Amino acid sequence: AARGQYQLPFCEGQLGCQCDEGKCVGSLCSADSDCGTLVCRSGACVTAPTAADVAKCTISPDYQVLPAGGKAKFYVSAWDATNKPVVVKAGATWTANDAAVTTSATPGNSAEFTAGATPTTGPVAGVKAAFGTVTCTAQVLVVPATSSAGTVTVVVSDKGWVRTQKGH
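Residues numbered from 1 in each chain as written. Predicted model: local features only at pLDDT ≥ 70, side-chain atom pairs only at ≥ 80, totals over all residues. Heavy atoms only, no water.

Enquirer: Quick question: what am I supposed to make of the overall build of the protein here?
Expert: The number of helices and strands found in the protein is 0 helices and 15 strands. Taking all 168 residues of the protein together, 29% fall into the buried category. Considering only contacts in the protein between residues 6 or more positions apart, those separated by 24 or more positions represent 45%. Looking at the protein as shown, the accessible area adds up to about 10300 Å², and 53% of this sits on carbon and sulfur atoms. (Helix = DSSP H or I, 4+ residues; strand = E, 2+ residues; numbered from the N terminus. Buried < 20%, exposed > 50% of the residue type's maximum accessible area, 1.4 Å probe, protein only. Contact = heavy atoms within 4.5 Å. Areas by Shrake-Rupley, 256 points an atom, 1.4 Å probe, with all protein chains shown as cover.)

Enquirer: Just to check I follow, could you spell out the nonpolar core for this structure?
Expert: A general feature of soluble globular proteins is that nonpolar side chains tend to end up buried together. The biggest cluster of nonpolar side chains holds 27 residues, and the ones touching the most others in it are Ile-59, Phe-74, Val-76, Trp-94, Val-127 and Phe-131. Listed by contribution, the elements that provide at least two residues to this core are β5 (56-60), β7 (71-79), β11 (110-115), β12 (124-131) and β13 (134-143). Here the element with the most residues in this core is β13; it accounts for 5 residues. With residues up to four places along the chain from it excluded, the contact list for Val-127 reads Ile-59, Phe-74, Trp-94, Thr-95, Asn-97, Phe-113, Cys-136, Thr-137, Ala-138 and Val-140. (Core = buried A, V, L, I, M, F, W, Y, C linked by side-chain atoms within 4.5 Å.)

Enquirer: Please explain the state of the cysteines as it appears in this structure.
Expert: Disulfides are covalent bonds that connect the sulfur atoms of two cysteines. Scanning the model with the defined rule gives 3 disulfides in all. In this model, Cys-29 is linked to Cys-40 through a disulfide, with the two sulfur atoms separated by 2.1 Å. One quick way to see it: the torsion about the S-S bond of Cys-29 and Cys-40 is about 90 degrees, and its sign makes the bridge right-handed. Residue Cys-29 is located in the loop between β2 (23-26) and β3 (39-41), and its partner Cys-40 is located in strand β3; the two are separated by 11 residues in the primary sequence. Among the residues examined, Cys-29 registers a relative accessible area of 7% and is labelled buried. Between Cys-35 and Cys-45 runs a disulfide, and the two sulfur atoms are separated by 2.2 Å. Here Cys-35 and Cys-45 share a disulfide; its torsion about the S-S bond, -75 degrees, makes the bridge left-handed. Here the residue Cys-35 occupies a position in the loop between β2 and β3, and Cys-45 occupies one in strand β4 (residues 44-46), the gap between them amounting to 10 residues. (Disulfide = S-S within 2.5 Å.)

Enquirer: Help me understand the packing of aromatic side chains in this model?
Expert: Each aromatic ring pair is summarised here by two numbers: the centre-to-centre distance and the angle between the ring planes. Scanning the entire structure with this criterion turns up 2 aromatic pairs. On the basis of an interplanar angle of 85 degrees and a centroid distance of 5.6 Å, the ring pair of Phe-74 and Phe-113 is categorised as edge-to-face. Pair noted here: Phe-74 is in strand β7 and Phe-113 is in strand β11, with a separation of 39 residues, a long-range link. Across this residue pair, the class does not change: Phe-74 and Phe-113 are buried. On the numbers, 6.1 Å between centres and 65 degrees between planes, the contact of Trp-94 with Phe-113 is edge-to-face. Within this pair, whereas Trp-94 is found in strand β9 (residues 93-96), its partner Phe-113 is found in strand β11, the two being separated by 19 residues in sequence. Accessibility classification places Trp-94 together with Phe-113 in one group, the buried group. Ring pairing ties together the aromatic residues Phe-74, Trp-94 and Phe-113, which thus form one cluster. (Phe/Tyr/Trp six-rings, centres within 6.5 Å; stacked < 30°, edge-to-face > 60°.)

If you want it as structure tokens, here you go:
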């Protein structure tokens, strides 16, 4: 700041500059805590993206087989209209999109869901994440938690159809 006519434009940012092998380079952030009220994205302190910046999202895993009463954690990823990744600090709003699963998730980038006690007859779009009006879902198939003595329960799926077979 005191260099006058020799001031370097890339040192004017919030993080300033540092010496790297005898050369002055702009400092990069590595975490949101480096940026005060801003957030760290790609090494720069920027204004935090909002849910309005999200154009599409996906949930991972996008298909989950759960035993009745079983739990699974889901994660959401988001992109803007130019297909660049977006990390919304507040995260997504999670809901159970079908009675086959429940959640008590708070907004964030992941959530845990619990399968109900009743097996489903096929996959259901049971998990939903939303960034404002942009939503994405994941399918859940709830299978019996146990099989009867002397039997095996098998699930065969190509994500398009499911067949559950019990046999000896």
